[in-house]
Amino acid sequence: MEDSDKLWSDRIPPDILGSIASRLVVGEYFVFRVVCKQWRLAPLMPPSHRPRRLHDDLQLPYLMTLHEKTGIVEFFDPVYNVVTTHNPGISKLKGSRIRSSKAGWLLMESWQSRVDISTFSAKSII
Amino acid sequence: MVKLKSNDDKEFEVEEAAVIQSEMIKNMIEDGCATSVIPLPNIDSKTLIKVIEYLNKHINMGKAAETGEEDDLKEFDEQFVNMGWEELFDVIMAANYLNIHELMELCCQSAADRLKNKSVRAVREMLKITNDLTEEEEQEIINDAPWAFEGPEIDDTVN
């Protein structure tokens, strides 16, 4: 096939790319977005087996579990029924506890300091 | 029987019960537009053979649950998507054009499963993608979640 080098970057329609991206969770999605420009711009879509509703545009919640001793974080995606483990743990989170969460942020407590961490992008304010 | 013609002029006969899993062809049949051969200018014979294989296997999908053939179908699906990236691309484009929902789901899920835990370098090499992001754009995404790009589970192999 001619131009076979551009199949997955230029010739793949954005909605199909979006359908693939929507099946990835947490860290996998960040890797996906760094591959090339088309992939970075792929629209995220709700799973097609669910009826489309207005609030599908909202981000759906993950259930997050933090293992205190190791700092390993697990995310459970209730829509796809998938558990993604971030292993090895985030060393900064070792010995921390989640105290509260609001608007995509977590209030963490550790013996060293108080840390606010955004669940999705892992940004922190110490 | 319904006749389909690939873009390299090969004709295939498919049972109507199988081919109506394609929403596009189902609509054509309902509108009375499928009386002779249906030309498929976007699909080559190699890809069409794969798609027909899928349609024939999934012909009685509704009944599979009752007859206990679900495992058999699952095994078939796993084998079916065991193909290279270029072939997967062709099947996805064909399924998209013919509007075969279940086949699209299967192929997109397979693509996502293959990308899981792969390094950026490995993904680019496997799919023959040239990186056209600037270093700043790339770094911006990495800075959002540096942990997603490191760790022993990241697989840098190309297969």
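- Going by an unreviewed UniProt entry, chain B carries the name SKP1-like protein and comes from Capsicum annuum.
- According to the UniProt record, the Subunit (unreviewed entry) comment for chain B reads "Part of a SCF (SKP1-cullin-F-box) protein ligase complex."
- As its UniProt record puts it under Pathway (unreviewed entry), chain B is described as follows: "Protein modification; protein ubiquitination."

- As annotated in an unreviewed UniProt entry, chain A carries the name F-box domain-containing protein and comes from Capsicum annuum.

## Description of the UniProt feature "domain: SKP1 component POZ" (unreviewed entry) in chain B
- Taking the numbering used here, the UniProt-annotated feature "domain: SKP1 component POZ" (unreviewed entry) corresponds to residues 1-59 of chain B.
- Helix makes up 42% of residues 1-59 of chain B and strand 17%, and the two end C-alpha atoms of the span are 14 Å apart.

## Brief notes about the nonpolar core
- By size, the foremost hydrophobic cluster in this structure holds 73 residues, and its most contacted members are W8 and W39 of chain A together with L4 and L103 of chain B.
- Sequence-distant contacts of L4 of chain B, defined by excluding residues within four places in its chain, comprise K10, E11, F12, V14, V19, I25, V37, I38, L40, L48 and I52 of chain B.

## Notes on the UniProt feature "domain: F-box" (unreviewed entry) in chain A
- As annotated in UniProt, the feature "domain: F-box" (unreviewed entry) corresponds to residues 11-41 of chain A in the numbering used here.
- Across residues 11-41 of chain A one finds 68% helix and 0% strand; the C-alpha atoms that close the span lie 14 Å apart.

## Regarding the packing of aromatic side chains
- Counting across every chain of the model gives 6 aromatic pairs over all chains.
- Relative to W39 of chain A, the ring of F32 of chain A lies with its centre 4.4 Å away and its plane at 25°, an arrangement referred to as stacked.
- Classification of F32 of chain A by relative accessible area gives buried; the value is 3%.
- Of the residues examined, W39 of chain A reaches a relative accessible area of 2% and is grouped as buried.
- Aromatic side chains Y54 of chain B and F80 of chain B sit 5.5 Å apart centroid to centroid with 55° between the ring planes, which places their arrangement in the tilted category. Highlighted residues: Y54 of chain B in helix α3 (residues 45-57) and F80 of chain B in helix α5 (residues 70-80), separated in sequence by 26 residues.
- Each member of the aromatic cluster is reached from another via a ring pair, and the members are W8 of chain A together with W85 and F89 of chain B.
- Residue placement shows K50 of chain B over the ring face of F80 of chain B; its charged tip is 4.5 Å from the ring centre.
- Over the ring of W85 of chain B we find R114 of chain B, and its NZ or CZ is 5.0 Å from the ring centre.

Reading guide: rules and limits
- Residues numbered from 1 in each chain as written.
- Chains lettered and ligands numbered in written order.
- Predicted model: local features only at pLDDT ≥ 70, side-chain atom pairs only at ≥ 80, totals over all residues.
- Heavy atoms only, no water.
- UniProt positions renumbered as here; feature names shortened; annotations may be inferred.
- Helix = DSSP H or I, 4+ residues; strand = E, 2+ residues; numbered from the N terminus.
- Core = buried A, V, L, I, M, F, W, Y, C linked by side-chain atoms within 4.5 Å.
- Buried < 20%, exposed > 50% of the residue type's maximum accessible area, 1.4 Å probe, protein only.
- Contact = heavy atoms within 4.5 Å.
- Phe/Tyr/Trp six-rings, centres within 6.5 Å; stacked < 30°, edge-to-face > 60°.
- Lys NZ or Arg CZ within 6 Å of the ring centre and 35° of its normal.

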